[in-house]
Structure formats: structure tokens, C-alpha cells
Amino acid sequence: MGWQYLIPPASQITDPKVFQQRRRLLQALPLAGLGLALPQLGQGSEACPAPSAAHSIVPPIAEPASPITPKKYATGYNNYYEFSTDKEAVRILARRLTLSPWELTLSGAVAKPLTLDLDAIAKLCPVERIYRFRCVEGWSMVVPWQGVMLKDIIALAQPLSNARYVRFRAIVNPKEMIGQRHPTLDWPYEEALRLDEAMHPLTLLATGLYGASLPPQNGAPLRLVVPWKYGFKSIKAVQHIELLTEQPTTTWQRAAPREYGFYANVNPEVAHPRWSQRREVPLGQSRKQPTLMFNGYAEQVAHLYQGLDLQQHY
Ligand code: MTE
């Protein structure tokens with residue numbers, strides 16, 4: 001079954017009013033900065049599949065269909081420990097970060113180590129995706145991302161046949177990121193995926209949010225988005241991607257190994273040691289809703305974990 005058949009059109013699965021509003025919003029925005037409609041990005045060219053509603057994915061598992069979270073919540077309530085543990089202070093503090101020039105390096109078990117700047121990334125096939133996002137703390141949102149599929153970036157470096165894992169490393173800049181002046185976490189913030197998870201078409205390197213450039217507080221200029229995993233896997237301000245032959249540890253595993261595992265797949269059946277993961281509160285709402293297995297993306301990703309004990313590999 002082809003990938004496109006797994007993804008119902010967003011018009012069928014998102015509240016039609018929300019879908020139409022979104023389309024109007026995207027049409028009204030100037031093209032510059034959108035990262036998804038400039039001709040040189042290859043949209044409509046033979047090299048890139050034409051972006052279509054089929055690229056906007058909120059699987060039809062919750063009734064009524066989940067509305068998009070108002071932008072003010074997604075951009076005003078942020079986890080970004082390099083700045084602060086105060087979620088509402090991050091938006092202001094993150095404005096200090098210098099976002100350009102920015103380079104992304106790919107190294108390790110690859111045939112072609114390389115360095116990409118933001119212009120090179122903007123030339124890759126653009127995608128727009130509406131995804132659920134579930135934080136391990138129990139809040140959630142539904143947001144429209146723009147960016148590229150991570151697999152397109154990794155492919156440029158030509159992974160060696162023994163590459164199994166991918167490690168991501170965020171920026172270190174204590175001068176501009178005041179939270180990094182304290183050992184709140186073991187800096188730099190690091191995350192990792194199995195190579196097959198990293199190459200999955202749902203996994204994005206995002207450059208935009210709500211049709212505009214990614215705001216600093218959401219991880220500009222480049223952040224990972226892995227919608228079936230808890231939000232801490234979606235590392236912000238990525239500068240290094242390294243392919244590895246052995247499974248690495250991650251920042252949160254090192255900080256609290258009993259609480260945060262390597263996989264961190266959203267799973268209502270596996271409680272956090274200090275709270276249940278059965279329910280979540282959508283940002284901007286007061287009523288809890290059930291948390292879905294793999295955050296609603298089971299149809300697309302469950303096969304990756306066949307034979308793996310998800311209670312053990314949390
Ligand atoms: N990336 C970096 N570099 N530093 C962080 O502190 N926090 C993570 C993740 N990525 C974090 C990070 C956590 S815990 C969450 S829930 C999400 O970012 C929050 O993303 P958002 O602010 O865009 O909602």
C-alpha cells in the first residue's frame with residue numbers, strides 16, 4: 001500500500017471550517033518566509049511531489065476531529081530549558097538567540113559528511129503537516145508545521161550500511177541562552193532516534209509553524225518533529241546530526257533514567273513513574289481528552305515496534 005493511501009485528506013479529517021480558515025490563512029500570507037510555495041523550492045517540479053491536502057495529517061481517530069490549537073498557546077507556552085524552565089518566559093528570552101548564519105552538519109557513519117546552510121535546506125522538497133503533539137507532562141496541541149522530511153536530509157549524507165541510530169545535538173550558546181549558564185540539564189541538549197524512525201516519512205525537520213518562519217521559542221531555525229513520540233524527542237535549535245552504529249543515550253535519559261527512556265513513544269498504557277499518561281489537556285482547553293496510542297499515528301508507525309516490549313522500552 002502506497003504511503004499516500006495511509007493519509008486521508010485533511011479536508012475529511014479536520015473540522016472543515018478550520019481547514020478552510022487554514023487554507024485562507026496560507027493563501028493570504030506573503031510567500032517569502034512560508035518555506036512551502038516558492039518556485040525555486042521545487043513545488044510542482046518533477047523532483048518534488050506537489051504539496052496537497054494529503055500532506056496535512058491529523059489521523060481521523062478522535063471525534064470530533066481535533067481543531068488546530070490557537071497560535072498564541074503554541075507560541076506562548078514553551079519548554080526550552082536552554083532559556084528557562086518557566087514556560088511563559090521562554091518566548092521573550094528566546095528573542096536573543098542569533099539565528100543566522102546557521103549550519104547543520106551531518107557526520108559519523110555516512111559516506112558523505114556534509115554541512116548545510118539554511119538556503120540549502122530551503123531548496124529541498126517542502127512539506128506542510130498538521131500534527132498532534134503530546135508533551136510527556138500531559139498537555140497537547142495540534143499545529144501546522146512547515147519544513148522538510150528528515151529522510152531527505154539524511155539521504156544527502158549517504159548513510160553507511162552499518163548505521164543504526166541518529167543523534168541530534170542542539171546549539172550551545174550560554175551568552176544568548178541564559179538557562180545554559182546553569183547545569184539544569186547536561187548541555188548540549190541531545191536526542192536520538194533509530195535510523196528507521198528518523199527515515200520515516202512522518203519525521204520532519206521543521207523550519208516553519210502556522211505558515212510563517214519558526215518562532216525562536218519553538219526552536220528556530222531548525223527543529224525536529226516526531227509526532228508519535230513525547231515532545232521532548234522533538235529537539236529544538238539542531239546543529240549536528242550524527243549517524244551511529246550503537247544506541248546512544250539522550251539528555252533526558254541521563255537526567256532521569258527511570259522516567260525517560262530512549263523510545264518515548266506516546267503510550268497511554270505506560271504511566272510515567274509520577275503520573276498517568278492516559279489523558280491529556282489540549283492547550284487552551286480545560287477538559288481532558290484520552291491520549292491515543294502512538295499519539296494517533298499507530299497505523300503509520302506501529303510496525304516499527306513489532307516484537308518490542310513497549311513496557312520495557314518506554
Ligand atoms: N529542545 C531543546 N533544545 N531544549 C529543550 O528544552 N524541550 C523539549 C522539546 N525540545 C526542549 C527541546 C520539550 S520537553 C518539549 S515538550 C518540546 O520541545 C516543546 O516544544 P514547543 O515549545 O514547540 O511546544
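On a predicted model such as this, the values are computed, not experimentally measured, just so you know.

Asker: Talk me through the sheet that holds strand β2 (residues 114–117); I want residue IDs and the actual numbers.
Answerer: As summarised here, the arrangement of the five strands in space is β2-β1-β10-β5-β6, forming an open sheet in which the pairing is mixed. At either margin of the open sheet sits one strand with a lone partner, and together these are β2 and β6 (190–194). Each adjacent strand pair in this sheet contributes to an overall mean axis angle of 20 degrees, direction not counted. Judged from the four bridges that link them, strand β1 (residues 103–108) and β2 form a sheet pairing that is antiparallel. Residue pairing across strands places L104 opposite L116, the latter belonging to β2.

Asker: Could you give me a rundown of helix α6 (residues 150–157), with the residues and numbers involved?
Answerer: Where α6 is concerned, the buried positions are L150, I153, I154 and A157. What you see down the axis of α6 is that its buried residues fit within an arc of 95 degrees, all on one side.

Asker: Could you give an account of the site of the ligand, naming the residues involved and the relevant values?
Answerer: Contacts to the ligand come from 18 residues, most closely from N78, Y81, E82, R223 and K236. Between the ligand and the protein, one listed contact pairs an oxygen atom with a side-chain N or O atom of N218 at 2.9 Å. One nitrogen or oxygen atom from the main chain of S234 is found 3.0 Å from a nitrogen atom belonging to the ligand. Protein contact buries 99% of the 530 Å² of open area that the ligand shows by itself.

Asker: Describe the nonpolar core, listing the residues and the values that go with them.
Answerer: Counting residues in hydrophobic clusters, the biggest one holds 83 residues, and the most contacted among them are L104, W145, I153, F168, W228, I241 and L243. Sorting elements by how many residues they give to this core places strand β4 (residues 139–149) first, with seven residues. Apart from the residues lying within four places of it in its own chain, the contact partners of W228 are E197, H200, L202, T203, N265, V266, F294, N295, Y297, V301, L304 and Y305.

Asker: Hey, could you go over the packing of aromatic side chains for me, with residue numbers and the actual values?
Answerer: Aromatic ring pairs: the centre-centre distance and the angle between the two ring planes describe each pair. By the definition in use, this model includes 13 aromatic pairs. With a centroid separation of 5.4 Å and an interplanar angle of 85 degrees, the aromatic rings of Y81 and W252 are classed as edge-to-face. With a gap of 171 residues between them, Y81 in the loop between α3 (71–74) and α4 (90–93) and W252 in helix α8 (residues 251–255) connect regions that are remote in the sequence. For the pair shown, Y81 and W252 are each scored as buried. Between Y131 and Y297, the ring centres sit 5.8 Å apart and the planes meet at 80 degrees, which makes this aromatic pair edge-to-face. Of this pair, Y131 sits in strand β3 (residues 127–134) while Y297 sits in the loop between β12 (289–290) and α9 (298–301), and the two are 166 residues apart along the sequence. The two residues Y131 and Y297 agree in class, both being buried. Through a chain of ring-to-ring contacts, the aromatic side chains of Y165, F262, Y263, F294 and Y305 assemble into a single cluster.

Asker: I'd like a rundown of the pattern of salt bridges, residues and numbers included.
Answerer: All chains considered together, the criterion is met by 11 salt bridges. Among the salt bridges present, the one from R274 reaches E259, with a minimum N-O distance of 2.7 Å. In this pair, R274 is assigned in the loop between α8 and β11 (279–282) and E259 in the loop between α8 and β11, connecting sequence segments 15 residues apart. In this structure R274 comes out as exposed when scored by relative accessible area, which is 56%. Of the charged contacts, one joins R278 and E269 as a salt bridge, the two residues approaching to 3.4 Å between their closest N and O atoms. Accessibility expressed as a relative area gives 47% for E269, which makes it partly exposed. Three or more residues joined by partner-sharing salt bridges are found here, namely R169, D186, E190 and R254.

Rules used throughout
- Residues numbered from 1 in each chain as written.
- Predicted model: local features only at pLDDT ≥ 70, side-chain atom pairs only at ≥ 80, totals over all residues.
- Heavy atoms only, no water.
- Pairing = 2+ DSSP bridges.
- Helix = DSSP H or I, 4+ residues; strand = E, 2+ residues; numbered from the N terminus.
- Axes fitted to C-alpha atoms, helices over the stretch in contact; angles between N-to-C directions.
- Buried < 20%, exposed > 50% of the residue type's maximum accessible area, 1.4 Å probe, protein only.
- Arc of directions from axis to C-beta.
- Near = heavy atom within 4 Å.
- Polar contact = N/O pair within 3.5 Å; in protein donor to acceptor, adjacent residues only side chain to side chain.
- Areas by Shrake-Rupley, 256 points an atom, 1.4 Å probe, with all protein chains shown as cover.
- Core = buried A, V, L, I, M, F, W, Y, C linked by side-chain atoms within 4.5 Å.
- Contact = heavy atoms within 4.5 Å.
- Phe/Tyr/Trp six-rings, centres within 6.5 Å; stacked < 30°, edge-to-face > 60°.
- Salt bridge = Lys/Arg side-chain N within 4 Å of Asp/Glu carboxyl O.

Honestly, it's all geometry; don't read function into it.
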